[in-house]
Amino acid sequence: QVQLVESGGGLVQPGGSLRLSCAASGSIFNINAMGWYRQAPGKQRELVAAITSGRSTNYADSVKGRFTISRINAKNTVYLQMNSLKPEDTAVYYCNADLRQTVLGDIGKYWGQGTQVTVSS
């Protein structure tokens with residue numbers, strides 16, 4: 001089994017910062033891309049940022065210049081540093097990992113349970 005455990009969400013005022021963490025554990029051979037998605041009430045889940053094992057990154061236009069994704073491959077951990085937060089960043093943030101459980105296994109997409117981020121004064 002594979003588990004992704006997120007932490008770091010909470011309530012922050014506009015203009016503030018938060019850092020999300022996600023650690024993958026369990027039966028893992030290797031992890032390709034890791035990323036963060038978010039889902040606001042009444043909206044579809046959307047990609048926020050992603051990072052490959054080679055540390056190539058991709059960001060949603062709405063967070064470019066404010067959010068930074070990083071990872072530590074040896075710890076199967078991904079982070080999302082969120083600065084200059086806006087009320088429209090309010091959502092449940094989900095960690096994602098595309099990984100193989102065995103050397104010959106298919107790549108599967110795994111999700112964390114989600115962590116709430118609320119930006120409000």
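Anything mentioned here points back to the structure above.
Bear in mind the structure is a predicted one, so any value in this text is a computation, not a measurement.

What am I meant to see in the state of the cysteines here?
A disulfide bridge is the covalent bond that connects two cysteines by way of their sulfur atoms. Under the criterion given, the structure shown has one disulfide. Put simply, Cys 22 and Cys 95 are joined by a disulfide, and their sulfur atoms are 2.0 Å apart. Across the S-S bond of Cys 22 and Cys 95 the torsion is about -80°, and the bridge reads as left-handed. Here Cys 95 lies in strand E9 (residues 91-100) and Cys 22 lies in strand E3 (residues 18-26), a separation of 73 residues in the sequence. Each of the two residues, Cys 22 as well as Cys 95, counts as buried.

Looking at this structure, I do not really get the pattern of salt bridges. What am I missing?
When their charged atoms lie close together, side chains carrying opposite charge are able to pair. Counted according to the given criterion, the structure contains five salt bridges. Salt-bridge contacts for Arg 38 lead to Glu 46; the nearest nitrogen and oxygen are separated by 2.7 Å. Classification of Arg 38 by relative accessible area gives buried; the value is 6%. A relative accessible area of 35% means that Glu 46 is categorised as partly exposed. For Asp 98, the salt bridge is made with Lys 109, and the minimal N-O distance between the two is 3.0 Å. Of the two residues, Asp 98 is situated in strand E9 and Lys 109 in strand E10 (residues 108-111); the sequence distance between them amounts to eleven residues.

How do you make sense of the nonpolar core when you look at a structure like this?
Most often, soluble globular proteins keep nonpolar side chains buried together rather than apart. Counting residues in hydrophobic clusters, the biggest one holds 30 residues, and the most contacted among them are Trp 36, Leu 80, Met 82 and Tyr 93. For this core, the secondary-structure elements that each account for two or more residues are strand E1 (2-7), E3, strand E4 (30-39), strand E5 (46-51), strand E7 (67-72), strand E8 (77-82), E9 and strand E11 (115-119). Here this core gets five residues from one element, more than from any other, and that element is E9. The contact partners of Tyr 93, leaving out residues within four places of it in the chain, are Glu 6, Leu 20, Trp 36, Tyr 37, Arg 38, Val 48, Phe 67, Leu 80, Met 82, Gly 114, Thr 115 and Val 117.

Can you walk me through the sheet that holds E7 in this structure?
One key point about sheets: their strands pair by backbone hydrogen bonds, in either a parallel or an antiparallel sense. One open sheet holds the four strands; their spatial order is E1-E3-E8-E7, and the pairing between them is antiparallel. Edge positions in the sheet fall to E1 and E7, since each of these pairs with one other strand and no more. With strand direction ignored, the average angle separating the axes of adjacent strands in the sheet is 15°. Relative to E8, E3 runs antiparallel, the two being bridged by six bridges.

Parameters and conventions
Once a new chain begins, its residue numbering starts again from 1 and follows that chain's sequence as written. Two thresholds apply to this predicted model, a pLDDT of at least 70 for residue-level local features and 80 or more for giving and counting side-chain atom pairs, whereas whole-chain, interface and lining totals are computed over all residues. As a rule here, side-chain values cover all heavy atoms of the structure and leave hydrogens and water aside. Cysteine sulfur pairs qualify as disulfides if the two atoms are within 2.5 Å. Only DSSP runs of H or I reaching four residues or more are called helices, and only runs of E reaching two or more are called strands; each is numbered from the N terminus. Under the scheme applied here, a residue whose accessible area is under 20% of the maximum for its type counts as buried, over 50% as exposed, and between as partly exposed, the area being computed with a 1.4 Å probe on protein chains only. When a carboxyl oxygen of Asp or Glu lies within 4 Å of a side-chain nitrogen of Lys or Arg, that pair is called a salt bridge. In plain words, nonpolar cores are sets of buried Ala, Val, Leu, Ile, Met, Phe, Trp, Tyr and Cys residues tied together by side-chain atoms within 4.5 Å. Whether two residues are in contact is decided by their heavy atoms, any of which lying within 4.5 Å being enough. Here, a strand pair is defined by DSSP locating no fewer than two bridges between the strands. With axes taken as lines fitted to C-alpha atoms, and helix axes fitted only over the stretch in contact, angles between N-to-C directions fall between 0 and 180 degrees.

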